[in-house]
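The chain contents come next:
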Amino acid sequence: MCSATCSAPPETSSGTNFLIETRDLWHVYDGGVNALQGANLQIQPGGFVAIVGSNGSGKTTLIKHFNGLLKPTSGSVLVNGMDTCRTRTSQLARVIGFVFQNPDHQIFASTVLEETIFGLKQMGVVSEEAQERTTRALQAVGLYEMRNRHPRQLSLGQRQRLATASVLALETQVLVLDEPTTGQDFVARRQIMSLAMDLNRQGRTILVVTHDMTLVAEYATRVIVMKAGQVLLDATPKEVFSRDDILRQTGLKVPPVVELGRGLGAIDRAATPLTLNELYEVIVSKLPPGKASSKSLRHKPLGTRGQ
Amino acid sequence: MLTNAVEIEDLTFCYQGTRQPALRAVNLTIPRGEVAMLIGPTGAGKSTLYMCLNGLIPHLIQGRVSGHVTIAGMDTSQHSIANLAQKVGTVFQNPEVQLFSLTVRDELAFGPENLALTKDDIFMRIDQAVRAIGLMDLLEREPAKLSGGQQQTVAIGAIWAMLPDVLIMDEPTSNLDPESSQRVLRLIRKLNLEHGKTILIAEHKIDEVACFADHVIVMNQGQIVLDGTPYEVFSQVDRLHDCGLVAPVATEIANRLQANGWTIDRLPLTVEEGIDVFSDLLGTARN
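The paragraphs below set out a description of the structure included in this document. (Residues numbered from 1 in each chain as written. Chains lettered and ligands numbered in written order. Predicted model: local features only at pLDDT ≥ 70, side-chain atom pairs only at ≥ 80, totals over all residues. Heavy atoms only, no water.)

1. Examining the overall build of chain A
Along chain A, the regular secondary structure elements total 11 helices and 10 strands. Considering only contacts within chain A whose residues lie at least 6 apart along the sequence, 63% involve residues at least 24 apart. As displayed, chain A offers around 13,900 Å² of accessible surface, 49% of which is attributable to carbon and sulfur atoms. (Helix = DSSP H or I, 4+ residues; strand = E, 2+ residues; numbered from the N terminus. Contact = heavy atoms within 4.5 Å. Areas by Shrake-Rupley, 256 points an atom, 1.4 Å probe, with all protein chains shown as cover.)

Pasting the structure below:
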């Protein structure tokens, strides 16, 4: 249901080229919390977009507007030109696949397979194709072997991947991932992110809400920085990490690779590498060939207890 | 005065209905007043280890167990979960699963109430937690409506009110933004320094916590594979890779340079140390 204040003029799909667009979007929760306060943003198809900002800056409230889970208190949200106030959630769900931060908010079936196939059945996808897509999705997240297990027998990390698989199976144009790497170990993190990269290469748009700045540096093509319910900046990772003012205001930190690269006088600040491999290559390229210097470092751990 | 907060001897545990042990011949000593960091891939046995420390194993969770676990001088097999709860407190990864009261004050009172303390004692415990953790401004708020960082602090406070000797924290910063993470880590260090609590933290964010702990323990496939100072553990980059883990960024780069013939006498752990080492190597001034 749309609230009474949501009365944007009818939109036609010819009016915009954006996949997702929000116009002066406000959202006020019961109890009067202004979670969004005039958020404006446009997302082009095909991007790998990170949405960052401190806890409580409105990131999750924002993305819940994309699939109609929340409707604007005022302002509007257009998905493929469709005003979400005038579009059924079931129709938005065919465009926007949404993986929740906490998989237990989403998982309910009694086997991994049933969980994954549920959304497809709801969409009326017939059995053979549904089976195929489910198999593909489970293989992609590495859970196919566990397809007959009860979701409760899986670890938190595995349940997160199950939640991802059930949305993957829907093969939506947009995949929204809310904190996909939280609680994941290094291997699972890389697995989830390379899966997202593959989907992105196949033309899907990926939106990731995250606090993980290393993830932003390694994968995102675009970063949307939120603060107090507004979009503070929409730029490339390089631009965002070079804006000390924005980082200070939003409590964000550059990832360790960027901090390290910047600390080295030999590296031009504008060309600061974003990934470990890039930084390694830059350092090697600046080393005098064949001359291995050696100076010892006095090791002083930062966190040891005071005596 | 006991010198060790945690002593584990030859601990092996097998969940009922499984043949693969979740823990295999684990030996571990954590001295009193230390901050120890536990890392390991998913399924390494970290959660099983916690459940052995707070007595859920062997008292509640069925399985085959051998070996000994001693917490603050108490053999866990000889003491009830309720008794052990006053020695070992666990803060879960997701504070939402732990918080359920309508006010922060009630949340802090819940543990002490269940110890059947007097009203005055309960108030005293709440007061202690409020002062140690800094919860004054949140006392009348509803936990469900707090930010993630605030919820995590309340969850720590609720455990604090039980006055445990040993605090176990399962990824305490995983849901937090970088600034709130730093705040929670500073709080943990303060609780350790000012109150002498022994703290065991599990983390995946290696870079943030590399030098935070006094002692780093690496688990893989139910065993402890590395155990030492941050430097002793993180300088073994290849061993970490074998377990599906990574070393801090500076250590990774230095290790790769070493492997390609560059001389680095001591691997850096932190970004700061990395800047020193690589600036020396490049023969340039630091930025």
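2. Describing unusual backbone geometry
Residue and element names in this part refer to chain B. Of note, the amide linkage connecting Ile57 to Pro58 takes the cis form, showing an omega dihedral of 10°. Residues other than glycine seldom take positive phi values, yet Asp10 does so here, at roughly 45°. Within the secondary structure, Asp10 is located in strand β1 (residues 4-15). The class of Asp10 is partly exposed, set by a relative accessible area of 47%. The residue Gln221 is not glycine, and still its phi comes out positive at about 50°. Residue position: Gln221 is located in the loop between β9 (215-220) and β10 (223-228). Among the residues examined, Gln221 registers a relative accessible area of 56% and is labelled exposed. (Buried < 20%, exposed > 50% of the residue type's maximum accessible area, 1.4 Å probe, protein only.)

3. Things to note about the interface of chain A and chain B
In this assembly, 53 residues from chain A lie in contact with 60 residues from chain B. Approximately 4,700 Å² of surface area, both sides summed, lies buried where chain A meets chain B, with 63% of it carried by carbon and sulfur atoms. Counting across the chain A and chain B interface gives 0 salt bridges. Linking chain A with chain B are 5 residue pairs in polar contact (both at pLDDT 80 or more). Looking at the side of chain A that touches chain B, the elements that each hand over two or more residues are α6 (186-201), α10 (256-263) and α11 (276-286) of chain A. (Buried area = accessible area lost by both parts, 1.4 Å probe. Salt bridge = Lys/Arg side-chain N within 4 Å of Asp/Glu carboxyl O. Polar contact = N/O pair within 3.5 Å; in protein donor to acceptor, adjacent residues only side chain to side chain.)

4. Let's talk about the packing of helix α11 (residues 249-259) of chain B against helix α12 (residues 271-282) of chain B
Residue and element names in this part refer to chain B. Here α11 crosses α12 at 30°, and the two axes come no closer than 10 Å. By the angle between their directions, the pair α11 and α12 is classed as roughly parallel. Where α11 crosses over α12, the handedness of that crossing is left-handed. Every residue of α12 that contacts α11 at Ala250, Ile253, Ala254 and Leu257 is listed here: Gly274, Phe278 and Leu281. When the residues that make up the contact of α11 with α12 are grouped by side-chain class, the tally is 6 nonpolar, 1 polar and no charged. (Axes fitted to C-alpha atoms, helices over the stretch in contact; angles between N-to-C directions. Parallel < 35°, antiparallel > 145°, perpendicular 65-115°, else oblique. Left-handed = near helix turned anticlockwise from the far one by under 90°. Nonpolar A, V, L, I, M, F, W, Y, C, P; charged D, E, K, R; others polar.)

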